[in-house]
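Structural features, examined
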Amino acid sequence: RSFAAAVTVDGTVVPTWKPEPNNTVRALAVADSKVYLGGDFTAMGSTPRNRLAAVSTAGTLDTTWNPNVDGKVRTISTDAAGTIYFGGDFTKVGSTTRNHAAAVGADGILKVWDPNVNGPVFCMGTDPLLNLGEPSPNPYIVIGGDFTKVGSELRSNLAKVSSNNEISSSFKPNPNGPLYTIAFENRTANGMVYVGGDFSKIAEVSRKNAAAMHFWGDISPWRPDPDGQVLSLSVEGRDKDKVYLGGTFSTLRGELRPYAAAVDINGALNSAWRPQFEGPGGVDAVLLSEDRVFLGGRFTGVKRTEVDVGLTPRQGVVAIALDGTPINDFKPVIKGGSVRSIATIGDRVFLAGSFNEIDTYPRKAIAALFRTTGYLDTEWDAQLQGTQVSALATSGSTFYLGGVFTQVRGTSRSNAAAITIQGELTPWNPTVNGEVLALEIVDSTIYLGGNFSRVRGLPRGNAVAVDTTGGDVSDLWRPSFDQPVLTIRASSSQIYLGGDFTEVTDINESNSRDFIAAVSPEGLLTEWHPSLAGEVSSLSISPSALFVGGSFTEGGDSTSDYLALLDPVQGSPIPIPTPTQTPTPTPTPTPTSTPTPLPTATSTPIATATPIGQPTPQPAPVILRPEVNWSSNQTTHRVRAFVTRRPRTSYTISATSEGVARSGQCAFDSRSKKTLCTITLTKGSWIAAVTPHKQGVSGPATRRRFTFRR
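Residues numbered from 1 in each chain as written. Predicted model: local features only at pLDDT ≥ 70, side-chain atom pairs only at ≥ 80, totals over all residues. Heavy atoms only, no water.

Quick word on the overall build of the protein chain
Rules: What counts as a helix is a DSSP run of H or I of at least four residues, what counts as a strand is a run of E of at least two, and both are numbered from the N terminus. Residue exposure (1.4 Å probe, protein chains only): buried if accessible area is under 20% of the type maximum, exposed if over 50%, otherwise partly exposed. Whether two residues touch is decided by their heavy atoms; if any such pair falls within 4.5 Å, the residues are in contact.
Tallying secondary structure elements over the protein chain gives zero helices and 64 strands in all. Expressed as a percentage of the 710 residues in the protein chain, the buried residues total 51%. Counting only contacts in the protein chain whose residues sit at least 6 apart along the sequence, the fraction spanning at least 24 positions is 40%.

With respect to the pairing of strand S64 (residues 702-708)
Filter applied, for reference: A pair of strands is treated as paired once DSSP finds two or more bridges between them.
Counting buried positions over the seven residues of S64 gives five, a clear majority of the element. The pairing of strand S62 (residues 684-694) with S64 spans seven bridges and is classified as antiparallel. Counted as the bridge partner of Ser685 is Thr707 from S64.

Topic: the packing of aromatic side chains
Put simply, the rule is: For this analysis, a ring pair means two rings from Phe, Tyr or Trp (six-membered ring only for Trp) whose centres lie within 6.5 Å, classed as stacked if their planes differ by under 30 degrees, edge-to-face if by over 60, and tilted for the remaining angles.
According to the stated counting rule, one finds ten aromatic pairs in the structure shown. Aromatic side chains Tyr400 and Trp428 sit 4.9 Å apart centroid to centroid with 85 degrees between the ring planes, which places their arrangement in the edge-to-face category. Here Tyr400, found in strand S39 (residues 398-408), pairs with Trp428, found in the loop between strand S41 (416-420) and strand S42 (435-442); they are 28 residues apart in sequence, far enough to count as distant. Trp428 matches Tyr400 in its accessibility class, with the two residues each being buried.

Regarding the sheet that holds strand S50 (residues 503-505)
Strand order across the open sheet formed by three strands is S47-S50-S51, with antiparallel pairing between neighbours. The strands lining the two open edges of the sheet, one partner per strand, are strand S47 (480-481) and strand S51 (510-512).

Topic: the sheet that holds strand S49 (residues 495-499)
Defined as follows: Comment: axis = line fitted to C-alpha atoms, over the contacting stretch for helices; angle = value between 0 and 180 degrees taken between N-to-C directions.
One open sheet accounts for three strands, arranged S48-S49-S52; its pairing is antiparallel. Looking along the sheet, the strands with just one partner apiece sit at the ends: strand S48 (485-490) and strand S52 (516-519). Ignoring strand direction, the axes of neighbouring strands in this sheet form an average angle of 20 degrees.

What to know about the confidence of the model for the protein chain
Going by this rule: pLDDT is a residue-level measure of predictor confidence that goes from 0 to 100.
Mean pLDDT over the protein chain: 79, with 80% of residues reaching 70 or higher. Taken as a whole, residues 576-620 scores under 50 in pLDDT and shows 64 contacts with residues more than four places along the chain or in a different chain.

A few points about the pairing of strand S60 (residues 665-669)
Looking at chain direction, S60 and strand S61 (residues 674-680) are connected through five bridges and run antiparallel. Note that in S61 the partner of Cys666 across the bridge is Cys677. Between S60 and S61, which follow one another and run antiparallel, lie four residues, and Lys673 among them has a positive phi close to 60 degrees.

Regarding the environment of Pro430
In this structure, Pro430 sits in the loop between S41 and S42. Setting aside its immediate chain neighbours within four residues, Pro430 contacts Ala416, Val455, Arg456, Val466 and Gly471.

As for the side chain of Arg314
The criterion, for reference: We treat Lys and Arg as the positive residues and Asp and Glu as the negative residues; His and chain ends play no part in the count. The salt bridge criterion pairs a side-chain nitrogen of Lys or Arg with a carboxyl oxygen of Asp or Glu, the two atoms within 4 Å. Any pair of nitrogen or oxygen atoms within 3.5 Å is treated as a polar contact; in protein, a donor-acceptor pairing is required on top of that, and neighbouring residues in sequence qualify only through side-chain atoms on both sides.
As for its placement among the helices and strands, Arg314 is situated in the loop between strand S30 (312-313) and strand S31 (317-321). It turns out Arg314 is buried and unbridged, and the closest side chain with the opposite charge, Asp329, is 7.7 Å from it. For Arg314, the side chain forms a polar contact with the main-chain oxygen of Phe330, separated by 3.1 Å. Leave out the neighbours within four places in its chain, and Arg314 touches Phe299, Thr300, Gly301, Val302, Ile327, Asn328, Phe330 and Lys331.

Considerations on the pattern of salt bridges
Pairing between side chains becomes possible if they bear opposite charge and their charged atoms approach one another. What the rule picks out here adds up to eight salt bridges. For Asp62, the salt bridge identified is with Lys34, shortest N-O distance 2.5 Å. Note that Asp62 is positioned in the loop between strand S5 (52-56) and strand S6 (73-78) and Lys34 in strand S2 (residues 34-39), a separation of 28 residues in sequence. We classify Asp62 as buried; its relative accessible area is 13%.

Notes on unusual backbone geometry
Unlike most non-glycine residues, Asn174 shows phi in positive territory, near 50 degrees. Mapping Asn174 onto the fold places it in the loop between strand S15 (158-162) and strand S16 (179-185). One non-glycine residue, Lys673, lies in positive phi territory at about 60 degrees. Of note, Lys673 is situated in the loop between S60 and S61. Lys673 sits in the exposed class, given a relative accessible area of 56%.

Re the environment of Thr57
Tracing the sequence through the fold places Thr57 in the loop between S5 and S6. C-alpha separation for the pair Thr57 and Asp32, spaced 25 residues apart in sequence, amounts to 9.1 Å. Excluding anything up to four places from it in sequence, Thr57 contacts Trp17, Ser33, Lys34 and Val35.

Considerations on the environment of Val548
Tracing the chain through its elements places Val548 in strand S54 (residues 546-550). With 50 residues separating them in the primary sequence, Val548 and Gly498 have C-alpha atoms 8.5 Å apart.

Right under this line is the structure:
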């Protein structure tokens, strides 16, 4: 079964229910006799279906129901009237604009519901009691994600919108960080909404990463205060009296609860269920299944409570009973990586992640275990020989893999390969001589980035374009990057690349580019030239913004550490919008966190009057990035930069290497009629920067990497 299956309660796979989506399914909902699926797919079997489809419980695809969504669908919810609400990363349904949230009827017709959200929607839900305290007779839907505006109303990350587009005026908790999960509790007349995410304040009240509120918006005293992200919530128990949390936290209210916890709905920590994890990372996946909770992540052991003496070895995955006791029979050993998601079908538990071995059996990234015993289902094996899979892209029913490996299914494949969803190796074989770290498919072309110098024997500097059929290398697209390319994303007109590079060479000449660049489909470096102060490791694109993540710090075209928003056409920085309230500072995300792309909206400055008698503020000077000709001497370790002079502008030169900073000197050079900047460095890899200054203001720097090997 590819990405979707139906199983009876006794564990038997239903043979007639076989929708065969060609990519990931992220959300499911059942209404009447239909199952609605949302995700990344573009087809059901041989029938085109873009990201949303309906399949009868008998297994027949609804050929008349085809909303045609242009981006990922991450969440689905239905109401009693049969309306299907969904949210995600899209901007259109069919030919109609719908930003990140939309609704379709059971007849397939797009509804008028249009919250017009300015950022991704990760979770949503409907409940009959959501209308409590609301004047509208129309049902309300709660949406959560990473946004700042719903329609024309300011709403940070959480909102309640009726089916006829009325935005609740009383429900505006405005958490100061993104929401990843929503759960409802309606066993009482009051009704509660539980939310989890990465925030420190909600409804102007301090709440760390988890909170509860009544359906009409009043905040509840429920306050577990986990000290890390909450990625999943589930209201469970015989009387729906317990809330299970999973995430990257280590404590709740100061009490040790690493990565998973149970809290009573009255706010008390569940003293029985408090497993303690040991190891290098957190819990990335939580699934409650009948009498046990499955947890996956980057741990090596678990104890029932923090006071228990004995540590139960559990590597990467564990099953814990509802009383908090690790289940003895379920003890597979995951090696070589972590478990990122878990699902159960009948008597099987499916694990997915970055691992390469389970119980001494080679298994790369996905495996099936028996639910009660934890034994591996040994019948499926991709037989990948290597150290890791770093990148994955899909087209139709084919998976493209990049990483560090030499063989797939017993056949030689150097660091790049393609496998069908049935596990068959395809003829696609680019033969790359180094690690592949990034993949991006555009029509019949796939772009690869990484740390390599040759593809099929042809020189290619850390980036290449090949066809999706056989892996033939493009003669036209051949930019060369001086350091590894870590991430690639494409728009309709440009291919954006990020990494550790500071110089890009196309067929014309070598050019300075500070860790990020844009190349045309014809292989020409474009004029798009933002400046960042460090490595770019992730990119995500929307029609109005390019979201950039990495290890860079504030400076250049980044207004904050690690995150930047750039105009995909001009390359200029876009202000990162913030909630209307002043957020409580939160710690910088650790590597175990999964950052979420920032919203696409830009903040609008509020005009302020100048007090009478005070001078009118002058606009900031326009400072252009310096034009620099660089040179270096491998013997003396001296770097020289000839800078084209501009009126009333001075320049400084500096360099950094692994936390060490140095500065040099700049002076007018009478021979070249330019400013000459020099700096002497030591052995190692350095990033040198020439920064312009005008009227006391510093402008964007021009940077270049220099490596001295002796």
